Amino acid sequence: METVEARLWIGTYPAEDTSPGSGEGIWEITLNRTSGKLSGARLVVETPSASFLAERPGGGVLYAVSEGEPGTVSAFAVTGNDDGATSLVPHGPSPALSSGGSAPCHILAQPDAVWVSNYGDGTFTVVDVDHDGAFKGAPRTFPHEGSGPNTERQEGPHAHFSGDVDGAAWVADLGTDQIRRYSRGQNGLEPDGIAATLPPGTGPRHFATYPGSIVVAGELDCALHVVHLDGTTTLPGASATAAPTSEAGSFPSHIARNADGTRLYVAVRGPDVLATFSVTTDDDGRVTAVEHLSDTSVAGRWPRHFAVISGAEADLVVVANQLSSELAVLRMDHRSGAGVLLDTHALPAPACVLPGA
């Protein structure tokens, strides 16, 4: 039975005008699923530039990247104290390892490994884990090559996000306008070519997965792109928001679906909105239509990431507003797609929101 209160883990960047290691780290905060109120925020562990988090399937171990030069990845055991509080304790013989590249910005936990996307140099890294979720062996690295037409943002490869697509790792590379595929072989993941090539200047950042397709958010073209598992693309790139472009531009950050996949949410920095889309799929789970429903203010600046807590008639979306240093909770109506602000909570430079297992 689902409890009313849910734990959220929050990864944070350094506060403005401070260097990495200046007190940022991983926070814990409680969300009331009924009221949408946040409470009990506390810094559980200090770790530099914890810009993305992942929890081991089934819970018990939390992984974090440190988005630095060079990058690192850390494992923490989630433990309970005598006073009822939660601690994060370095886990395993080697609780921190090189990310295999620079500026890691995303991590995905699998039962047998963690997958790390290094934005700085475009390297995709696999770190094996043992039966307890501790790191095992040396990281395996897969450097990307290529560039794109945007000379400021696509001068080279920039691995940004990985997802499990039909048992393979698909990796979005913002710098090369490609989705790269790594399939499972005798020795673990192995390069398996390009899953899809997107229009020049797309800048694929994150994607949401359906049984027969993925929906990609382009950071540089502010558009959504549907890619099917056979690599074909349909539905020409639709705008990720109907909100007017700000002076800073419009840059989608995160994209995620609700539990039944009928609603898709995209955070767009610049206009600072959460865009809602309805999604239609065929009997094979291939996305056949994506329709914009609404844009909702995130009540803050620069929404870098969010988490969706699905409900029967509405979803709760907890948004990390990086530049205004706060979390916002929105209740998103399924029928209209419109959102209502339920709560905000100050937190320094939040970068990632992860519901606890």
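In this report, the structure presented in the accompanying data block is examined.

Quick notes on the rules
- Residue positions within a chain follow its written sequence, with the count starting from 1.
- In keeping with the predicted nature of the model, local features appear solely for residues at pLDDT of at least 70, side-chain atom pairs appear and are counted solely at 80 or more, and the whole-chain, interface and lining totals rest on all residues.
- Excluded from the side-chain calculation are hydrogens and water; included are all heavy atoms of the structure.
- In what follows, salt bridge is the name for a side-chain nitrogen of Lys or Arg lying within 4 Å of a carboxyl oxygen of Asp or Glu.
- Helix and strand definitions here come from DSSP, where helices need a minimum of 4 consecutive H or I residues and strands a minimum of 2 consecutive E residues; each element is numbered from the N-terminal end.
- A simple rule labels every residue: compare its accessible area, found with a 1.4 Å probe on the protein chains alone, to the largest value its type can have, and call it buried under 20%, exposed over 50%, or partly exposed in between.
- The contact criterion used is simple: two residues touch if any of their non-hydrogen atoms lie within 4.5 Å.
- For the purposes of this section, nonpolar cores are sets of buried Ala, Val, Leu, Ile, Met, Phe, Trp, Tyr and Cys residues that join through side-chain atoms within 4.5 Å.
- Strand pairing is assigned whenever DSSP detects at least two bridges linking the two strands.
- Pairing of aromatic side chains requires ring centres within 6.5 Å, counting the rings of Phe and Tyr and the six-membered ring of Trp. Pairs whose planes differ by under 30 degrees are stacked, by over 60 edge-to-face, and all others tilted.
- Fitted lines through C-alpha atoms serve as axes, helices being fitted only where they are in contact, and the angles separating the N-to-C directions of these axes extend from 0 to 180 degrees.

### Thoughts on the pattern of salt bridges
For the structure on display, the rule yields nine salt bridges. For Glu-219, the salt bridge identified is with Arg-269, shortest N-O distance 3.2 Å. Placement of Glu-219 in the loop between strand S18 (213-218) and strand S19 (223-228) and of Arg-269 in strand S22 (residues 263-269) is noted, with a sequence separation of 50 residues between them. Both residues of the pair, Glu-219 and Arg-269, belong to the buried class. The network of salt bridges with common partners includes Arg-153, Arg-205, Glu-219 and Arg-269.

### A look at the environment of Gly-201
Among the secondary structure elements, Gly-201 is positioned in the loop between strand S16 (188-197) and strand S17 (204-209). A relative accessible area of 17% means that Gly-201 is categorised as buried. When the C-alpha positions of Gly-201 and Thr-34 are compared, they lie 42 Å apart, and in sequence the two are 167 residues distant. Here Gly-201 is in contact with Pro-149, Gln-154, Asp-177, Leu-220 and Asp-221, once residues within four sequence places are set aside.

### Topic: the nonpolar core
Of all hydrophobic cores here, the largest spans 27 residues; its most connected members are Ile-26, Tyr-63, Ile-107, Val-114 and Phe-135. Of all the secondary structure elements, the ones that give two or more residues to this core are strand S3 (38-46), strand S4 (53-55), strand S5 (61-66), strand S6 (72-80), strand S9 (104-109), strand S10 (113-118) and strand S29 (350-355). Looking at this core element by element, the count peaks at five residues for S5. Setting aside its immediate chain neighbours within four residues, Phe-135 contacts Tyr-63, Val-73, Ser-74, Ala-75, Ser-94, Pro-95, Leu-97, Val-114, Val-127, Asp-128 and Val-129. In this structure, Ala-217, Leu-224, Leu-264 and Ala-275 belong to the second largest nonpolar core, which totals 18 residues.

### With respect to the pairing of strand S15 (residues 178-185)
Along any regular strand the residues' side chains alternate between the sheet's two faces. In this sheet, S15 lies alongside strand S14 (residues 168-173) in antiparallel orientation, the contact comprising five bridges. Paired with Ala-172 across the strands is Ile-179, a residue of S15. If you look at the hairpin formed by S14 and S15, you'll find four residues sitting between the two strands, and Asp-177 has a positive phi there, around 60°. What sits between S15 and S16 in their antiparallel hairpin is a turn of two residues.

### Side note on the pairing of S29
The buried fraction of S29 amounts to five of the six residues, a majority that puts the element mostly inside the structure. As defined by bridge partners, strand S1 (residues 5-12) adjoins S29 across five bridges and the pair is classed as antiparallel. Across the sheet, the residue bridging to Ile-10 is Val-353, located in S29.

### Structural notes on the packing of aromatic side chains
This model, assessed by the stated rule, comprises seven aromatic pairs. Here the aromatic rings of Phe-124 and Tyr-182 are separated by 4.8 Å at their centres, their planes lie at 35°, and the arrangement is tilted. With a gap of 58 residues between them, Phe-124 in strand S11 (residues 123-128) and Tyr-182 in strand S15 connect regions that are remote in the sequence. Phe-124 sits in the buried class, given a relative accessible area of 0%. Ring pairs connect the aromatic residues Trp-115, Phe-124, Phe-142 and Tyr-182, which therefore count as one cluster.

### Description of the side chain of His-206
Here His-206 lies in strand S17. Each residue touching His-206, except ones within four places of it in the same chain, is listed here: Phe-52, His-160, Phe-161, Val-215, Val-216, Ala-217, Ser-253, His-254 and Ile-255.

### Concerning the sheet that holds strand S26 (residues 314-321)
Taken together, four strands build an open sheet; the order of strands is S25-S26-S27-S28 and the sheet is antiparallel. Only two strands of the sheet have a single partner each, and these edge strands are strand S25 (303-309) and strand S28 (339-346). For this sheet, the mean angle separating the axes of adjacent strands, direction not counted, is 20°. With six bridges joining them, S25 and S26 adopt antiparallel strand pairing. Within S26, the residue paired with Pro-303 across the bridge is Asn-321.

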